[in-house]
Amino acid sequence: MTTLTLFILLFVFMFLGMPVAIALGLSSLLTILFFAQDSLASLSLKLFETSEHYTLLAIPFFILGGAFMTTGGVAKRMIRFATACIGHLHGGLAMASVMACMLFAAVSGSSPATVVAVGSIVIAGMVRAGYPQSFAAGVICNAGTLGILIPPSIVMVVYGAATETSVGKLFMAGVVPGILLGVLLMVVIYARARMTNMPRQERATLREVLTSGRDSLWGLLLVVIILGGIYGGVFTPTEAAAVAAVYAFVIAVFVYRDIGMRQVPSVLVDAGKITVMLMFIIANALLFAHVLTTERIPQQIAETIVSWGMSGWQFLIVVNVLLLIAGMFMEPTGIILILAPILFPIATKLGIDPVHLGIIMVVNLEIGMVTPPVGLNLFVTAGITKMPIGAVVRAALPWTLVLLAFLIVITYVPAISLVLPNLLG
């Protein structure tokens, strides 16, 4: 009865148009008041405790670092380097755009930020070079999803906090799938470009490749600092996020000099707004997860599914379908915090690695970012291109099918996700 009430209230509130954070918090509050034994005093204490989770402290620092990198000219330098490397191939500018998304994803940790930073530059450039606008929009909309798969990833930090899984292992597990997905998108672009004779750029000289690579090196070193520092035992993921924020500030202001000291306060305010919004969702979602745990709902569901004799591969089908549906209607952070506490104990009992489950969830949420009605990347791309949202959805659809094919591979070939974490111990 408690479980039914909790989820009915959540879906009713969301159907009425309430913001996800308020729907999560209000459904949890009403369920506790009428069905649970907790007092309001313990509820307020729990709300505060969930917000000061040490792992979650990494989120504002990663957001701040991404804000400095996005506001500065880091994306422009990465696009120049990617174009110099592969722009001379058929569909080279489109492939370079995907490569630039991969590189920028490694410093931003956010999918919409990747679409904005790269798409606002390359989509117009692709159209001027002779590419159809719909093709350019579809490529960038989907390639931008790499922002939450290639580390550092804010979504991975949230999953790690919700399930007590090592964030460092999650970051390393995202490297190979992220590169693989980027390469897969580029292969599909190349095949389509050869069939339709899409434009090619002039081959860049070796000097241009080296110069552009040197210019983008300072931004790319951020990834080395984060992953190298975590796995070298120099600092924790949360400390790595703080170091990344300071490094991004120094690079943007004193090395690249794309931002003056007068602009720094506005960058801090923008990062603060995003942080407050995200942490409000997280606090309410963790309260929702607290009700689930208190009522032993995940354990009961796990015991029921195990008693059915469901195998691991069958359970993963259910996980993918559930996450794909949820991704159409909710924001990734909320989905992680609601469903991870339910799916995690079941996966553990069925022998599924928690890190592998985390990567599966992230790839599903990538697809959710490009599926209507609330796929955030669709709206960001529409804002950049001034295209109607329906046209963006149609443009993104063929590339979304590539993501779905990739999801099947990642789900049933766990070695892709686990090779680096296992190799590094």
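Let us look at the structure shown here.

A few words on the packing of aromatic side chains. Two numbers describe a pair of aromatic rings. These are the distance of the centres and the angle of the planes. Summed over all chains, the structure comprises seven aromatic pairs. Between the aromatic rings of Phe-62 and Phe-171, the centroid separation amounts to 6.0 Å while the plane-to-plane angle is 65 degrees, which identifies the pairing as edge-to-face. On the criterion of sequence distance, the pair formed by Phe-62 in helix H4 (residues 58-71) and Phe-171 in helix H10 (residues 167-196) is long-range, its members being 109 residues apart. For Phe-171, a relative accessible area of 0% translates into the label buried. Their ring planes at 90 degrees and their centres at 5.7 Å tell us that Phe-249 and Phe-254 sit as a pair that is edge-to-face. Since its relative accessible area comes to 21%, Phe-249 is described here as partly exposed. By relative accessible area, Phe-254 is classed as partly exposed at 47%. Among the aromatic side chains, those forming a connected cluster through ring pairs are Phe-7, Phe-11 and Phe-288. Positioned above the aromatic ring of Tyr-256 is the side chain of Arg-77, whose terminal nitrogen or guanidinium carbon lies 3.9 Å from the ring centre.

Looking at the secondary structure, you find Gly-213 in helix H11 (residues 206-231). Spatially, the C-alpha atom of Gly-213 lies 9.2 Å from that of Cys-85, the residues being 128 residues apart in sequence.

With that settled, the discussion passes to the nonpolar core. Ranked by size, the top nonpolar core spans 153 residues in total, and within it Ile-59, Phe-135, Phe-171, Ile-282 and Met-361 carry the most contacts. The residues touching Met-361, leaving out its near neighbours within four places in the chain, are Tyr-159, Leu-323, Ile-336, Leu-339, Ala-340 and Leu-343.

Positionally, Ser-212 belongs in helix H11. A polar atom in the side chain of Ser-212 sits 2.9 Å from the backbone oxygen of Glu-208. The contacts of Ser-212, once residues within four sequence positions are left out, are Arg-77, Arg-80, Phe-81 and Ala-84.

The next thing to look at is the environment of Val-374. Tracing the backbone through its elements, the reader meets Val-374 in the loop between helix H17 (354-368) and helix H18 (376-385). The exposure class of Val-374 is partly exposed, given its relative accessible area of 39%. Once residues within four sequence positions are removed from consideration, Val-374 is found in contact with Gly-327, Met-328, Phe-329, Met-330 and Phe-379.

Here the focus is unusual backbone geometry. Note that the residue after Pro-151, namely Pro-152, is joined by a cis bond; omega there is 0 degrees. Tracing the chain through its elements places Pro-152 in the loop between helix H8 (133-143) and helix H9 (154-163). Cis peptide bonds are those with omega within 30 degrees of zero, and the linkage from Pro-372 to Pro-373 qualifies with 10 degrees. Here Pro-373 shows up in the loop between H17 and H18. One non-glycine residue, Asn-197, lies in the positive phi region at around 55 degrees. Along the chain, Asn-197 falls in the loop between H10 and H11. The exposed category is assigned to Asn-197, whose relative accessible area is 60%. At Arg-257, a residue that is not glycine, the phi angle is positive and equals roughly 55 degrees. On the secondary structure map, Arg-257 appears in the loop between helix H12 (237-255) and helix H13 (264-294).

Cut-offs used in this document
Residues numbered from 1 in each chain as written. Predicted model: local features only at pLDDT ≥ 70, side-chain atom pairs only at ≥ 80, totals over all residues. Heavy atoms only, no water. Phe/Tyr/Trp six-rings, centres within 6.5 Å; stacked < 30°, edge-to-face > 60°. Helix = DSSP H or I, 4+ residues; strand = E, 2+ residues; numbered from the N terminus. Buried < 20%, exposed > 50% of the residue type's maximum accessible area, 1.4 Å probe, protein only. Lys NZ or Arg CZ within 6 Å of the ring centre and 35° of its normal. Core = buried A, V, L, I, M, F, W, Y, C linked by side-chain atoms within 4.5 Å. Contact = heavy atoms within 4.5 Å. Polar contact = N/O pair within 3.5 Å; in protein donor to acceptor, adjacent residues only side chain to side chain.

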